[in-house]
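So the chains spell out like this:
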Amino acid sequence: MTEPSASPRPIRVSVNGVDHERTVEPRLLLSDFLRHDLGLTGTHVGCEHGVCGACTVAFDDQPVRSCLMFAVQADGHRIGTIEGMADGETLHPLQMAFWELSGLQCGFCTPGFLITARDFLARNPDPSEQEVREALSGNLCRCTGYQSIVAAVLEAARRLRQAPLAGLGKS
Amino acid sequence: MSEIVLSATPAHLRHGSNIGQPLTRRDGILKVTGGARFAADNHPPGMLYAVLAVSSVARGRVAALDVAAAKAHPGIVEIMTSANKPPLALDPDAKTNPFMRRLELLQNDRVRYANQPIAVVIAETLEAATEGAALLSPRYEEEAPRVRLDAAESFVPPAVGVGHPSEAEIGDVETGLAGSLRRIEATYETPTQFHNPMEPHAIVAAWDGDALTVDTPSQGLAMAQARIAELFGIPAENVLVRSPFLGGGFGCKGLFTGPQVLGIMAARLVGRPVKLVLRREQMFGPVGHRAPTQQTLRLGTDADGALLGLSHHTRTASSTFDDFFEPASDVSHTLYASPAIRTSYEAVRLDTGTPTFMRAPGEASGSIALESAIDEMAEACGMDPLAFRLRNYAELEPISGKPFSSKALRACYAEGAERFGWKARPLRPREMRDASGLLVGWGVGTATFPALMFQGQARAVIRKDGTGIVETGAQDMGQGAWTALAQIAADGLGLSMEQMEFRSGASNLPDAGIAGGSAHTATAGMAVAGAGADAIAKLAALATGDERSALFGAGNAGVIARDGRLFRRDDESRSESYADILNRAALAEIEGRGSSAADPIAQANYAMHAHGAVFAEVKVDPELGQIRVTRLVGAFAAGRIINPRLVRSQYYGGMIWGVSFALHEHGEIDPRSGRPMNPNLGEYHVPVNADIPSIEAILVAEEDRHVNALGIKGVGEIAITGTAGAVANAVWHATGRRIRRFPITLERLTEPAPR
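Fair warning: this is a prediction, and the values are worked out from it, not measured in the lab.

1. Quick notes on the overall build of chain A
A count of helical and extended segments in chain A gives five helices and five strands. What you see in chain A, going N to C, is helices and strands ordered as β-β-α-β-β-β-α-α-α-α. A compact globule built from 171 residues would reach a C-alpha radius of gyration of about 16 Å, and chain A, at 16 Å, matches this within 12%. With respect to the three principal axes, the spread of C-alpha positions in chain A is 55 × 30 × 25 Å.

Structure, rendered in C-alpha cells:
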C-alpha cells in the first residue's frame, strides 16, 4: 500500500529569482532537487548531515544546509544558490575577494563558504578576524584554505563597506 | 621565455615572465560562481543513479540479500550482485605492479572489511536507489574481526611504501646506544586516519559499444585509463577519463578504487549511463586510509648532545588481502646526523580496507614520532630543542652519505625562529602563562619531504597566428596545476598566458604522471617546458636556415623566444614573429614534444629533499586540558617557486593538516564489530576555522641545480611534517606532560599519568 504522504507533490520555488514548478517526491532533498532537477550543480554535497556546509544555500535569505531539508519544505519560498550570487557578469565582492586572495583551492567547499559569508557580512559588515573565524566554523575546508578564506572575507567586508550596493545578488 | 642555443644540446632553459609570478588561479572564477564541473555534476541523457550497498560486518560472508524486496521498490532498474555482474577480463585480486589496488568487485560473497561494497542498486532516481539499498537487508555469517595492531601475529614486510626496504642501517646502533652518555626510549602511537576530501569519490560512466567515457576525480589519469582498460578487456584508447577538477584528493584518488569500477560495471549491466557517488560513511573503507602505527624510537648522545645512535622501529598494518605498509621509520634516514641509524618494520594484517598513500605517507606519521623523540632527547641533554637540532644538523644525508642537492634548512630554522621570537623561550616546561592563566608552550619541528619526479609527457603547438597550445593530462586537486603548469608552459613557448591555450585534465592528452608525491609540478612542468623548447627549436631552425629571415645565419649565436618573437641572442634588434616565420614557411602550425623523468645520475649522486622548520605556540587550560594552537610559523625551502601564492596555500594547508594530526584526527574502529565508529565529518574531527590561528608561511630562497632543470621541488606534503611535531612539543612545553598517543586530546592530557 502506498502511503498518502509518499505521493509526489507539486511545489513552486523561486530559485535565484526564477520561479520553478515541479512535482517532487517528499523524500527528495533540497540539495538533490537543486542539483538533479534544476541542474544547479554549484551547490555541492559533502557530508549529507549538515556538518560540512558545502551545500549551504540561502532560504528566504537565511543560510541553510540544503542536505538537511526536503524540497517540499521550499514550496513557496525563495532559494539563493551560488549561481545567483553574481550580478550578471559582475562578481559579488566576496566572489572577487575569494578569487583574488586565493580563498579557494579545490573549490568544492567554496560555494558554501560564499553563501555563509554573504549572510554573515549582511549582519556584521565590519567584523573582526576572530568573528570571521567563528562565523565560518560551520564550513569545512579540507585543503585547507582557512588563512586565505578569512583574509578574503575581511577584504570583501572592506570593499562592501565602501560600495554597499555591490553585494546585491539575486535570491 | 626559452633561450635556445642551437649549437649546444640539450637546450638551455631560462625563466621568462610568467614563472615566479603570484598569479591568481585561472580556474578561480569558475569555482566562485559554481561553474567548475566536478565529476558528480555531470548528467548525460538517460542517466541512472547507482547506490552502493556496503557490508556492516568486517569479516565473514554475505549469506543472503533480499533482492526481490529491493527490486519491487518503484523506480529500481537493476540490482547488481555477484550473481549478475558483467564479466571482467582481469581478476580483481590480481596485482601486477605496486601501483594498483586489489579490488572488491562483487567477485564472491566474502567480506574482508566493514563498508565493503556487496551490491549496487541502480534506479531512476537517487532516492529510489538509496531505498533499494536499504531493502536488501543483508544477512551475514560473521567471524571475529581483527582490527587492532595487537590483534595478530606480526611479520616483517618485504617492502614498505613503494619498494622501500623494510630494514636499513648504517653503523652499529646498539654499539652507538651502549656508548651513549644519555639515552631515551619512547613509543608513540598514531591512529587510523581517513583522507576525507570534501568531494566524495564519484563516477559518471557512459558506454558507447566498447568505448567508455567516465567523469571521475583522479590523481592519475593515465593509470586510471590503463586500469579500466585491462579490467574490461578493451583498448586503452577506447577509455576516456575526464577529471578537470578534483574536490581534493590527498592520495585516496590516486589508485583507481573499487567503487569507481563498480559504477562502470553498473553502466555496462544496464546499458545506460550511470552515476555513482559515495556517501560520506562509504569513504571509510573502500578508498584507503592511513594505517595506524606504533613507533619505538631509541636515541643516544654524547656529553655534548651529539647523536651516537638512532633506532626507529615501526609496527603498522595492512589489510588481509593487499600490501601497503606506511613507511614511517624512513623519515629517520635523512634528517639528523648520527654515526649509527637503524630503521625497521613489523606489520600485522587486519580486517580493514587496504591502507594507501595519504598526504605525506610515512613522512607524516614518522615525523611526529621522530620530532617528539628529538625533543625528548634534547630535554634529556638539557638543551634547547632548536639548538639540539642544529647540533645534529646533517651536512650529508645520513643513511646514504650523499650530499644534498640543496638544503637551506639552516636558513629555515633562522628565519622561522626570528619571526616566531624563539630565543625568548624558557628551557623548562610549564613556565609561561598568559594573562588569563592559560599555560603557554612553544615547540619546534623540522619538516622534510623528498623531491621526487615521475615520468611525464606534453605536447606544444605554435600556430600560424602566433598563438600556442600546450597539452598535458595533469590533475588539479586544488593545488593549482591549471595555473602553475600554464605559467611554465607559457614561458616555454615564449608567449604570454593570454596567447596560449593550456589543455589538461583528461586521459586523451599526453600522460602528465600522477599528481602525488609532491612531484606533479616538477614532472608535468618539465614535460611542458620541454615541449615548448622543442617547438621553439623547430621554429628557430626554420628561421635561421631561411635567407629571407632576419634571423638567417643566427644558428651559432642562438635565439631567444619572447613575446611571440624569436630574437637573435647576440643582437636583439634582429627578430621575427612566430607568425611571420610560419607563414613564410607555409605551415599552419609547428609541434613540439616534451618528456620528463628523474635524472638517474643526479639521483645517484645527490640526496634530494625539501626542508622546513615549523614553530608552534599552544595554550592549554590547566584545569580542563583544552588545547588551542595560538601561533604557527613555518619556514620552508623547496627550490624554485613557480607561483608563490599557490605555494603559500599549500604550506598553509599542510600546516593545518599537521595541527589536525597532532590534535584532531582519529578514525575509531570498534574492536568488536570492526566497524568505523565515527564515519562522518561530525565525529571524525578535522579543524574548522575557529581551531586555527593566523598562520605564517615563509618562503625561504633556495636554488637547486640538480633536482631538474627548472629547479622545482615539491610543496604539497612537506608542511604536515614538522608542524605535527611542533604542536606536540609545544603541548609538552606548556604542560610538562608528554603525550605519546596521537591525537593529543584533552582527555589524554588530563588522565592521570601512568605510574
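From this point, the narrative continues.
2. Structural notes on the interface of chain B and chain A
Facing 59 residues of chain B, the contacting portion of chain A comprises 49 residues. Regarding the contact of chain B and chain A, the summed buried area is about 4300 Å², with carbon and sulfur atoms giving 56% of it. Three residues stand out in chain B for area buried against chain A, namely B:Val32, B:Met198 and B:Asn689, and they jointly supply 19% of the buried area on that side. The interface formed by chain B and chain A includes three salt bridges. The salt bridge involving B:Asp41 is made with A:Arg35; its shortest N-O contact spans 2.9 Å. If you look at where chain B meets chain A, you find 23 residue pairs in polar contact (both at pLDDT 80 or more). Looking at the side of chain B that touches chain A, the elements with two or more residues in it are α1 (28–33), α3 (126–135) and α14 (644–663) of chain B. Element by element, the count of residues in the side of chain B that touches chain A is highest for α14(B), at eight residues. Residue classes in the side of chain B that touches chain A are distributed as 27 nonpolar, 20 polar and 12 charged.

3. Quick look at the sheet that holds strand β10 (residues 167–170) of chain B
Residues and elements named next belong to chain B. Spatial strand order, β10-β18-β17-β16-β11: five strands in an open sheet with mixed pairing. Only two strands of the sheet have a single neighbouring strand rather than two, namely β10 and β11 (182–190). Neighbour to neighbour, the strand axes of the sheet diverge by 10 degrees on average, direction disregarded. Pairing of strand β17 (residues 307–319) with strand β18 (residues 341–350) involves 10 bridges; the strand directions are parallel. When the bridges of β18 are listed, Ser318 appears paired with Arg349. Packing against the sheet, helix α7 (residues 363–380) makes contact with β11, β16 (293–301) and β17, and its axis sits at approximately 150 degrees to β11.

4. A look at the sheet that holds strand β20 (residues 439–450) of chain B
Residue and element names in this part refer to chain B. One open sheet accounts for five strands, arranged β19-β20-β28-β29-β30; its pairing is mixed. Edge positions in the sheet fall to β19 (432–433) and β30 (695–699), since each has one partner strand and no second. Strand direction decides the pairing type here: β19 and β20, joined by two bridges, are antiparallel. Paired with Met432 across the bridge in β20 is Val440. The sheet contacts of α14 involve β28 (609–620), β29 (627–637) and β30, and relative to β30 the element is tilted by about 130 degrees.

5. So, the environment of B:Met223
Residues and elements named next belong to chain B. When you line up the elements, Met223 lands in helix α5 (residues 221–232). Separated by 96 residues in the primary sequence, Met223 and Ser319 have C-alpha atoms spaced 22 Å apart. When near neighbours in sequence (up to four residues on either side) are disregarded, Met223 contacts Phe99, Gly254, Leu255 and Ile514.

6. So, helix α2 (residues 93–100) of chain A
Of all eight residues that make up α2(A), six are buried, and the element is covered over most of its length. Burial in α2(A) covers these residues: A:Pro93, A:Leu94, A:Gln95, A:Ala97, A:Phe98 and A:Trp99. On its buried face, α2(A) sits against α3 (110–123) and α5 (146–162) of chain A together with α1 of chain B. Trailing α2(A) by a residue or two, A:Ser102 shows a phi angle of about 60 degrees, which is positive.

Cut-offs and rules
- Residues numbered from 1 in each chain as written.
- Chains lettered and ligands numbered in written order.
- Predicted model: local features only at pLDDT ≥ 70, side-chain atom pairs only at ≥ 80, totals over all residues.
- Heavy atoms only, no water.
- Helix = DSSP H or I, 4+ residues; strand = E, 2+ residues; numbered from the N terminus.
- Rg over C-alpha atoms; globule rule 2.2 N^0.38 Å.
- Contact = heavy atoms within 4.5 Å.
- Buried area = accessible area lost by both parts, 1.4 Å probe.
- Salt bridge = Lys/Arg side-chain N within 4 Å of Asp/Glu carboxyl O.
- Polar contact = N/O pair within 3.5 Å; in protein donor to acceptor, adjacent residues only side chain to side chain.
- Nonpolar A, V, L, I, M, F, W, Y, C, P; charged D, E, K, R; others polar.
- Pairing = 2+ DSSP bridges.
- Axes fitted to C-alpha atoms, helices over the stretch in contact; angles between N-to-C directions.
- Buried < 20%, exposed > 50% of the residue type's maximum accessible area, 1.4 Å probe, protein only.

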